[in-house]
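Working through the structure, step by step
As a plain string of letters, each chain reads:
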Amino acid sequence: MARDIHDTLAQGFTGVIVQMEAAEEALLEEDPEHAVRHVRRARDIARESLGEARRSVHALRPQALDKAGFAEALRNVIQNTTAGTSLRTDFHLDGEPRHLPANVEECLLRIGQEALSNALKHAHPTEFQARLAFDSNAVRLELYDNGKGFMVDGVNDGGIGLLGMKERAEQIGATLNISSEPGAGTKITAISPYQSAAG
């Protein structure tokens, strides 16, 4: 339950904060038109997050996955969260998208959201890249930011974000690798072998 609340409310609030900070910056630069756009985006993210919170309570899958396929949902989450900010984002899709079980899609989407949320909250990067690859025997999600990085061994195990990513990977039998060091950014790779039912 704590993980689901974190994955909905905390990440949603991060998106709202990013947009409100951008609105504040636009106002300081006397650009009310851009400020209004950022406020509207913040409102949209807040509404979507509220819907997500309600769905989590009812144990339903993420709203983004109800609206689009997995690849498109991931792309939309990245674009909507960072729209109008100075963060440059890049999304690559490799291979032919395959049907994945709902729990695999949900867990990989949440891992992607958490990586982006952590980057925005802690790393302050200028670039965030996501690559979703449908290989011959597994789906692979690679997430990279060029932010300030951290000592992986020194991270507090009590942090819900990284712990939640690890738990979600374990839930679907995926491997999760977190590679980072101070000043060198962070790369997170989740690899989930296809289940026979998904073929």
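Coordinates for the structure precede this section.
Here is a short report on the structure shown in this document. Quantities reported herein were computed from a predicted structural model and do not represent experimental measurements. (Residues numbered from 1 in each chain as written. Predicted model: local features only at pLDDT ≥ 70, side-chain atom pairs only at ≥ 80, totals over all residues. Heavy atoms only, no water.)

**So, the overall build of the protein chain**
Across its full length, the protein chain holds six helices and five strands. Going from N to C terminus, the protein chain has its helices and strands arranged as α-α-α-α-β-α-β-β-α-β-β. Counting the 199 residues in the protein chain, one finds 45% classified as buried. For the protein chain, long-range pairs separated by at least 24 residues make up 70% of all intrachain contacts whose partners lie at least 6 apart in sequence. Accessible area for the protein chain stands at about 10,500 Å²; split by element, carbon and sulfur atoms hold 51% of it. (Helix = DSSP H or I, 4+ residues; strand = E, 2+ residues; numbered from the N terminus. Buried < 20%, exposed > 50% of the residue type's maximum accessible area, 1.4 Å probe, protein only. Contact = heavy atoms within 4.5 Å. Areas by Shrake-Rupley, 256 points an atom, 1.4 Å probe, with all protein chains shown as cover.)

**Some points on the pairing of strand β1 (residues 88-94)**
Here seven bridges tie β1 to strand β2 (residues 127-134), and the two strands are oriented parallel to one another. Note on β2: the bridge partner recorded for R88 is E127. Handedness of the β1-helix α5 (residues 102-123)-β2 crossover: left-handed. (Pairing = 2+ DSSP bridges. Right-handed = clockwise from strand over helix to strand, strands pointing away.)

**Here we look at the packing of helix α4 (residues 70-82) against α5**
Packing of α4 against α5 brings their axes to within 10 Å, and their N-to-C directions diverge by 20°. Considering their axes alone, α4 and α5 lie roughly parallel with respect to each other. Pair α4 / α5 crosses with right-handed handedness. Between α4 and α5, the contacting residues are F70, A73, L74, V77, I78, T81 and T82 on the first element and E105, L108, L109, G112, Q113, L116 and L120 on the second. The residue makeup of the contact of α4 with α5, split by class, is nine nonpolar, four polar and one charged. (Axes fitted to C-alpha atoms, helices over the stretch in contact; angles between N-to-C directions. Parallel < 35°, antiparallel > 145°, perpendicular 65-115°, else oblique. Left-handed = near helix turned anticlockwise from the far one by under 90°. Nonpolar A, V, L, I, M, F, W, Y, C, P; charged D, E, K, R; others polar.)

**Some points on the pattern of salt bridges**
Considering all chains together, one arrives at seven salt bridges under this definition. Across the salt bridge formed by R37 and E33, the nearest N and O atoms sit 3.4 Å from each other. Remark: E33 and R37 occur in helix α2 (residues 32-57); sequence separation between them is four residues, near one turn of the helix. Judged by its relative accessible area of 54%, E33 falls in the exposed class. Across the salt bridge formed by R140 and E142, the nearest N and O atoms sit 2.5 Å from each other. (Salt bridge = Lys/Arg side-chain N within 4 Å of Asp/Glu carboxyl O.)

**Describing α4**
Residues spaced three or four apart along an α-helix face the same direction, because each turn holds 3.6 residues. Counted at 1.5 Å a residue, the expected span for α4 with its 13 residues is 18 Å, and the 19 Å between its end C-alpha atoms agrees. Along α4, the residues classified as buried are F70, A71, A73, L74, V77, I78, T81 and T82. Two residues or fewer after α4 comes G84, characterised by a positive phi angle close to 80°. (Expected span 1.5 Å × (residues − 1).)

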